[in-house]
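Each chain is listed here by its residues.
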Amino acid sequence: MARPKKCRRICALPRHDTFGPLTGGGDGTVEMAVEEYEAIRLMDLLGCTQEECAAQMGVARSTVQQVYDTARRKLALALVEGRRLTITGGDYALCPQGEVCPGRNCARRDCGGGRCGCGVCSHPEGPGCDGQNSQKLLK
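1. Overview of the layout of surface pockets
Step number 1: In this structure, the largest pocket occupies an estimated 340 Å³ of space.
Step number 2: In terms of lining residues, the largest pocket is bounded by 15 residues, among which F19, I40, L75, L85 and I87 are the most central.
Step number 3: Every element with two or more residues in the lining of the largest pocket is listed here: α1 (34–45), α3 (61–81) and β4 (84–87).
Step number 4: A total of four residues in the lining of the largest pocket trace back to one element, the largest contributor, which is α1.

Structure representation (structure tokens):
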């Protein structure tokens, strides 16, 4: 039996969830999961290492590498082929402290309830999940 998928902790939902070319555009849409967006935000925008990103998202470094690689491929596809990019769905736990999150140092901050104050979540329906801050959205 496969191991249950872990929620990836994200600081906040994206302010904008749809991007695309102003003129023309390729056929189809590229769908990026929220946790893929968070990996791009942490590593490319904030300059976090994979280890820092993994600590902040509450997953293994190898998981972050896989999520990040997938996100970069999707970004490249949207840019090169001029497709619309939408950010939606995924397995993630939304940090209740996200609005006051210090960004890069979030995982190192002691704000109660575990990293980022969002507690421990192994899966929205699984053991250890408080169910209040978890989101499970399917594409």
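That was the structure; now back to the text.
2. Let's talk about the nonpolar core
Step number 1: C53, M57 and V64 are the most contacted members of the largest nonpolar core, which has 21 residues in total.
Step number 2: Put simply, the parts of the chain that give this core at least two residues each are β3 (29–32), α1, α2 (50–57), α3 and β4.
Step number 3: Excluding residues within four positions of it along the chain, M57 makes contact with C7, R8, R9, E35, E38, A39, L42 and V64.

3. Observations regarding α1
Step number 1: For α1, spanning twelve residues, the distance from its first C-alpha to its last is 15 Å, which sits close to the expected 16 Å at 1.5 Å a residue.
Step number 2: In terms of residue burial, α1 counts as a mostly covered element, since nine of its twelve residues are buried.
Step number 3: By the burial criterion, the buried members of α1 are V34, E35, E36, E38, A39, I40, R41, L42 and M43.
Step number 4: The inward-facing, buried residues of α1 abut β1 (8–10), β3, α2, α3, β4 and β5 (90–94).
Step number 5: Phi for G47, located one or two positions after α1, is positive at around 75°.

Rules used throughout
- Residues numbered from 1 in each chain as written.
- Predicted model: local features only at pLDDT ≥ 70, side-chain atom pairs only at ≥ 80, totals over all residues.
- Heavy atoms only, no water.
- 1 Å grid on protein atoms, 1.4 Å probe; cavity = no way out; pocket = protein on both sides within 12 Å on 5 of 7 lines; lining within 4 Å.
- Points joined across faces, edges and corners; volume = space filled by probe spheres on them.
- Helix = DSSP H or I, 4+ residues; strand = E, 2+ residues; numbered from the N terminus.
- Core = buried A, V, L, I, M, F, W, Y, C linked by side-chain atoms within 4.5 Å.
- Buried < 20%, exposed > 50% of the residue type's maximum accessible area, 1.4 Å probe, protein only.
- Contact = heavy atoms within 4.5 Å.
- Expected span 1.5 Å × (residues − 1).

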